[in-house]
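Observations on the three-dimensional arrangement
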Amino acid sequence: MNSVQQPIADAATAVAALEAWFATVTSEGGVTGPATGFRANCLGWCGPGHDWRHEGLLEGHSLRYQATGSPVHLDHLEKTVRLIMAAQLGDGSFRNSYFEWNPFEGGMPHEPAMLAAALRARKILAASGRDIPELAETVARALDGRHLRLLWNKTLHTVRDWEISDYQFGPSISAAAVLDLILEWTGWQGNGENYEERAGNLASWLRGLQESTGPMAGGIHTSNRRGGGISPFYTSRCLAPLSLYARRSDCRETSSCVEKITSFLLRQQQPGGGFTRLLWNWRPASSNPLHLGASAAILNALQSQGALPESVLARHESWLLSHATPSGAFRNALGYGKFFPGSGTPDWRDWMPSPGWQDKIYLFFCRRAADSKSTFTPRPWSTPATVRHRAGTYQESTDTIEVLRGRETVYLWKKKSTTPLVCRLT
Amino acid sequence: MALGSAFVDGPAYSRFVAGRNSTRVYQDKPVPRVLVEKIIGDAIEAPTSCNRQLWHFVVVDDPAVKVRLNKESDAQQSYLHDAPVIIAIFYDTSLEPRNPCNTAQVTVGMATYGLLLAAEAEGLGAIYLGGIRNPRGACKALGVPPFWSNYGFVCLGYRADNPPAPIPRPVASVISYNRYDLPEKRYHMDIRPHLWSLTQLADFRDKLLWYKGIAIDGKTLHVDPDARFSRKFHHLAVRAAQLAALHAKPVLLDFFSLNGDVLLQLVNAIGPGKARYLAYDLTPGIGDFIAERFRRLFSVLPYEYLQNPEPDKVRIPLEDGSVHVLTCYERLDQFEDPVPLLKEIRRVLHPGGTALIVVSGRFYPHLYRYRRMRKKNYALGRNWNRGPERKYNPSEIEAAFKQAGLMVADMAGHQPVTLKFLQWGEQLARKAGWTAGADRLAAERTDHLITRWFDRFFSSSLIYELRPTTDR
């Protein structure tokens, strides 16, 4: 086994590497793998999730199909959309859709985000004569039956995350994801007038959460509680739906909001690469842990607006490439469990690749080299890692991911399986 | 139950009052003001101390005012948002502030019951909402002068639920003739469910579902989200899936399933049809509730419901050694003596099977619980998760496991007391302006939520993994 070098030299190889890595974790039921999220990790259940991991994969394969014309990518799109449809429960929610809380159902914003991506994929499929009309039923059940009914907050005129009496709380990313879904859905069905009011409510809710002054101006608060800081990643998730809404409705207020978001995100670039994690009014910004996938998602959002010049993109690309691993995946994050970024031995969570973050990196590289014809063979590798305050090792092969604390195996997952063989980490 | 005509006899009245239930789920249909006025008009026919009639009712049907009312009164009940009409009840107590029999409060109580009965007679559903934390805030939200006291709200609307009627206590148990004849400590003793009989517990669990239940048709009930979005719940569901993966055709049993939360996550984690899922509880009502919930999600029910066959004894209707993974989420806390239950768990457990049992830890400073217990101001329904159920110290429960023929294969603690120290450290670091350190400690707190260090013995909940011993 070799230690970490820079095993991937360019975007085209990165696309091939990530496709090869995803192949090692994709089972019959879908893309498997542990999740390391902002708020919690889900290591004990690694089964096929139906969360935002599909976003980057579906859009990436769509770009790949458009650039190469290879039916392999169409097959991937069709299979994924059908898997999503099969995972739907009777109330419109989806099994295993909570990412870091998997296998819970009803994950927000994962479900609407995943469905919006599925609708975009359907467009490509339909144009290639492989339409999936049954998807309409799935989306209607989720959107009309769940998001706009069970989760609609009649008081605040936005969506909630849970079917509980949380009437004072309105998160921004869920509103953005549902707005995205509405726009994609009405774009397909041509029934925009039925959803005009709700879309307007959601756009207005997001505009209301935008910080208007100070160093955080343009950022969207994570919720109407406003106390938790502003996340550039969460803000970036509002960019595409608001931009599309502004174009469709010709709403000047929303256009101005989009411009402010873009300007805010551009200001959050870190000198070395990547983006700040959280900004606060009352204390310095937090950078740890800096998820590479989150930075890639911000880049994707800015790229979709054409807001990044090639020189800046190239800088971020080279920053991402410097964190590639021989398995084909990219390092998960920087600075887990650290007082200062880059200090000391990386934590095991910095290495553990999570499908819900890797897909965003995949999309970034697909945008850079959609016509990639490179090949990549995943290789086993290992690296020192801090594991619960002690020296340990992170190692990955094509079949397993293993974390050792000292010599003791504290985590062992056989790829594609639903549950790890050993799980002493939380 | 609307009668339409006057009560002509006693039995009709008895049927009417027995048929009245509190409504927690309402239709999206406005209630005409004239009807509200009629209901209030009927309610103020109630007797009033010295005929003072110092009551006042503020009818709220504006959603914006409801939001303000909820915020200021800190009511936090979904009915307050969902019910089309809220009637805030006020009484001017300035004339009788020191009445020894609290006649003002009694008068308000009589009028409130009058409101509920009148609503029922008009075919409406209603519920009295007294669980508000700040009644003064209600006055503030509605611009009521301070000499009025708020006595809660009545939520009113067309009903969209049909909960089972609670069984009233037998009349004989609430009557004494000429002299009080009940044991002195009866009520304080009785509020602790682990001292109840199994029949009492079964009845309570049956009703509790409609109190702590789940969302139905877009309307929400008062639910504490903590149970589901807690690491211990997640840990339990996920660990059960890991253990089930060790068996070719696993049989999973959720012991005392209640609302089916654990059961649903087991099905999510493993997949419908990939294991045999069994739910077990005490009453047919609980079975109906779980079935109703699962029917909303699955076209074919992915589990079998097992009902306790005997009213006075816990007996799982399964053969010996038939369960591979058994989950029991904070259910032993409801029993004074857990050994008979554990023996039953041991009996049905496969020789290679595992029981995952979560109990409340005795050595964690449950300050909230103790404070409420000392003040005796707990309410069973609302504070079920934080109420005065039994707590176990590790050696006590482990002795019970041993006695039942179960050995501890692993034990973890959830929410250890050390988290509090980390929290204090984080707060100090923030005050000192050491942001990076505070962030680091905050992250450590998240990582340390489930622990296997020494502090697991001082955790809010103890998570046990048990295997059957070879000798019984």
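All figures in this text were calculated on a predicted structure; none of them were measured in a lab.

What counts, and where the lines are drawn
Residues numbered from 1 in each chain as written. Chains lettered and ligands numbered in written order. Predicted model: local features only at pLDDT ≥ 70, side-chain atom pairs only at ≥ 80, totals over all residues. Helix = DSSP H or I, 4+ residues; strand = E, 2+ residues; numbered from the N terminus. Buried ≥ 20, exposed ≤ 12 C-beta atoms within 10 Å, placed from the backbone. Contact = placed C-beta atoms within 7 Å. Pairing = 2+ DSSP bridges. Right-handed = clockwise from strand over helix to strand, strands pointing away. Axes fitted to C-alpha atoms, helices over the stretch in contact; angles between N-to-C directions. Expected span 1.5 Å × (residues − 1). Arc of directions from axis to C-beta. Domains from an automatic or database assignment. Bend = angle between axes of the 7 residues up to and from the residue. Parallel < 35°, antiparallel > 145°, perpendicular 65-115°, else oblique. Left-handed = near helix turned anticlockwise from the far one by under 90°. Nonpolar A, V, L, I, M, F, W, Y, C, P; charged D, E, K, R; others polar. pLDDT = per-residue confidence, 0-100.

A closer look at the overall build of chain B
The helix and strand inventory of chain B stands at 16 helices and 12 strands. Here chain B, with 472 residues, has 40% of them falling under the buried criterion. Counting only contacts in chain B whose residues sit at least 6 apart along the sequence, the fraction spanning at least 24 positions is 80%.

Quick notes on the overall build of chain A
Of regular secondary structure, chain A possesses 13 helices and 13 strands. Overall size of chain A, expressed as C-alpha extent along the three principal axes, is 60 × 50 × 45 Å. Counting all 426 residues of chain A, 58% fall into the buried class. For chain A, restricting intrachain contacts to residue pairs at least 6 apart in sequence, the fraction spanning at least 24 positions comes to 64%.

Observations regarding the pairing of strand S6 (residues 276-281) of chain B
Residues and elements named next belong to chain B. Most of S6 sits inside the fold, with five of its six residues counted as buried. The pairing of strand S5 (residues 251-255) with S6 spans five bridges and is parallel. Opposite phenylalanine 255, over in S6, you have tyrosine 280 as the bridge partner. Remark: the S5/helix H10 (residues 261-270)/S6 crossover connection has right-handed handedness. Judged from the five bridges that link them, S6 and strand S7 (residues 303-307) form a sheet pairing that is parallel. The residue of S7 that forms the bridge with tyrosine 280 is leucine 306. Chirality of the crossover, the property in question, places the unit of S6, helix H11 (residues 284-295) and S7 among those that are right-handed.

Let's talk about the sheet that holds strand S3 (residues 125-129) of chain B
Residues and elements named next belong to chain B. Spatially, S1-S2-S4-S3 is the arrangement adopted by the four strands of the open sheet, whose pairing is antiparallel. Two strands bound the open sheet, and with one partner strand each, they are strand S1 (55-60) and S3. Each adjacent strand pair in this sheet contributes to an overall mean axis angle of 25°, direction not counted. The pairing of S3 with strand S4 (residues 148-157) spans five bridges and is antiparallel. Paired with leucine 129 across the bridge in S4 is phenylalanine 153.

Things to note about the environment of A:Gly274
With respect to the helices and strands, the residue A:Gly274 is situated in the loop between helix H9 (252-267) and strand S7 (290-291). The spatial distance from the C-alpha of A:Gly274 to the C-alpha of A:Ser70 is 32 Å, given a sequence separation of 204 residues.

Here we look at helix H11 (residues 310-321) of chain A
Residue and element names in this part refer to chain A. Taking 1.5 Å per residue, 12 residues should reach 16 Å; H11 reaches 16 Å between its end C-alpha atoms and fits that length. Taken residue by residue, H11 has His316, Glu317, Leu320 and Leu321 as its buried positions. Down the axis of H11, the buried set is contained in an arc of 135°. They therefore lie on one face. Buried residues along H11 sit in contact with helix H1 (11-25), helix H10 (292-304) and helix H13 (355-368).

With respect to the sheet that holds strand S10 (residues 390-396) of chain A
Residue and element names in this part refer to chain A. One open sheet holds the five strands; their spatial order is S9-S10-S11-S12-S13, and the pairing between them is antiparallel. The open sheet terminates on both sides in strands that have one partner only, identified here as strand S9 (381-387) and strand S13 (422-423). When strand S11 (residues 400-405) meets strand S12 (residues 408-414), the two strands line up antiparallel, connected through six bridges. Bridging across to S12, isoleucine 401 finds its partner in tryptophan 413.

With respect to the domain arrangement of chain B
Domain annotation for chain B reports domain 1 (10-157) and domain 2 (231-468). Computed over C-alpha atoms, the centres of domain 1 of chain B and domain 2 of chain B are 39 Å apart.

Remarks on helix H5 (residues 135-150) of chain A
Each α-helix turn comprises 3.6 residues. Residues three or four places apart therefore point the same way. Most pronounced at A:Leu143, the bend in H5(A) amounts to some 25°. Turning to H5(A), its buried residues number three or more, namely A:Leu135, A:Thr138, A:Val139, A:Ala142, A:Leu143, A:Arg146, A:His147 and A:Leu150.

Here we look at the pairing of S4(B)
Residue and element names in this part refer to chain B. Most of S4 is tucked away, with nine of its 10 residues classed as buried. Examined bridge by bridge, strand S2 (residues 85-92) and S4 share seven bridges and lie antiparallel to one another. Considered in S4, the bridge of valine 85 is made with leucine 156.

A look at the environment of A:Gly60
All names here are of chain A. Of note, glycine 60 is situated in helix H2 (residues 53-68). Glycine 60 sits 266 residues away from proline 326 along the chain, and the two C-alpha atoms are 21 Å apart. Not counting residues within four places of it along the chain, the set of residues in contact with glycine 60 comprises Tyr362, Leu363 and Cys366.

Considerations on the packing of helix H15 (residues 418-431) of chain B against helix H16 (residues 435-447) of chain B
Residues and elements named next belong to chain B. At a minimum axis separation of 8 Å, H15 and H16 run at an interaxial angle of 165°. In terms of orientation, H15 and H16 fall into the roughly antiparallel class. Relative to H16, the crossing made by H15 is left-handed. Contact residues: H15 offers Leu419, Leu422, Gln423, Gly425, Glu426, Ala429 and Arg430, while H16 offers Gly437, Ala438, Leu441, Ala442, Glu444 and Arg445. Considered class by class, the residues forming the contact of H15 with H16 number six nonpolar, three polar and four charged.

Structural notes on unusual backbone geometry
Residue and element names in this part refer to chain A. Residue proline 103 is bonded to the preceding asparagine 102 through a cis peptide linkage, with omega at 15°. Summarising the element assignment, proline 103 is placed in the loop between helix H3 (71-86) and helix H4 (110-127). The omega angle of the peptide bond from methionine 108 to proline 109 is 0°, so this bond is cis rather than trans. Secondary-structure assignment places proline 109 in the loop between H3 and H4. Positive phi outside glycine occurs at aspartate 250, with the angle close to 55°. Positionally, aspartate 250 belongs in the loop between helix H8 (232-249) and H9. Residue aspartate 250 is classed as exposed on the basis of its 9 C-beta neighbours within 10 Å. Here arginine 388, not a glycine, exhibits a phi torsion of approximately 50°, which is positive. Within the secondary structure, arginine 388 sits in the loop between S9 and S10. Taking the C-beta count within 10 Å as the criterion, arginine 388 has 17 such neighbours and is therefore assigned partly exposed.

Looking at the confidence of the model for chain B
All names here are of chain B. Chain-level statistics for chain B give a pLDDT mean of 84 and a share of 85% at 70 or above. With pLDDT under 50 throughout, residues 185-189 is counted as low confidence; its partners more than four residues away or in other chains account for two contacts. At the level of chain-chain contacts, confidence expressed as ipTM amounts to 0.91, with global pTM at 0.86.

As for the packing of helix H12 (residues 339-348) of chain B against helix H14 (residues 394-404) of chain B
Residue and element names in this part refer to chain B. Running from amino to carboxyl end, H12 crosses H14 at an angle of 50°, the nearest separation of the two axes being 8 Å. Judged by the inter-axis angle, H12 sits oblique to H14. You can see that H12 and H14 cross each other, and the crossing is right-handed. Facing H12, whose interface residues are Val339, Leu342, Lys343 and Arg346, H14 presents Ala400, Phe401, Gln403 and Ala404. Looking at the contact of H12 with H14 residue by residue, the class counts come to five nonpolar, one polar and two charged.

With respect to the environment of A:Ser397
Within the secondary structure, A:Ser397 is located in the loop between S10 and S11. Separated by 18 residues in the primary sequence, A:Ser397 and A:Lys415 place their C-alpha atoms 9.1 Å from one another.

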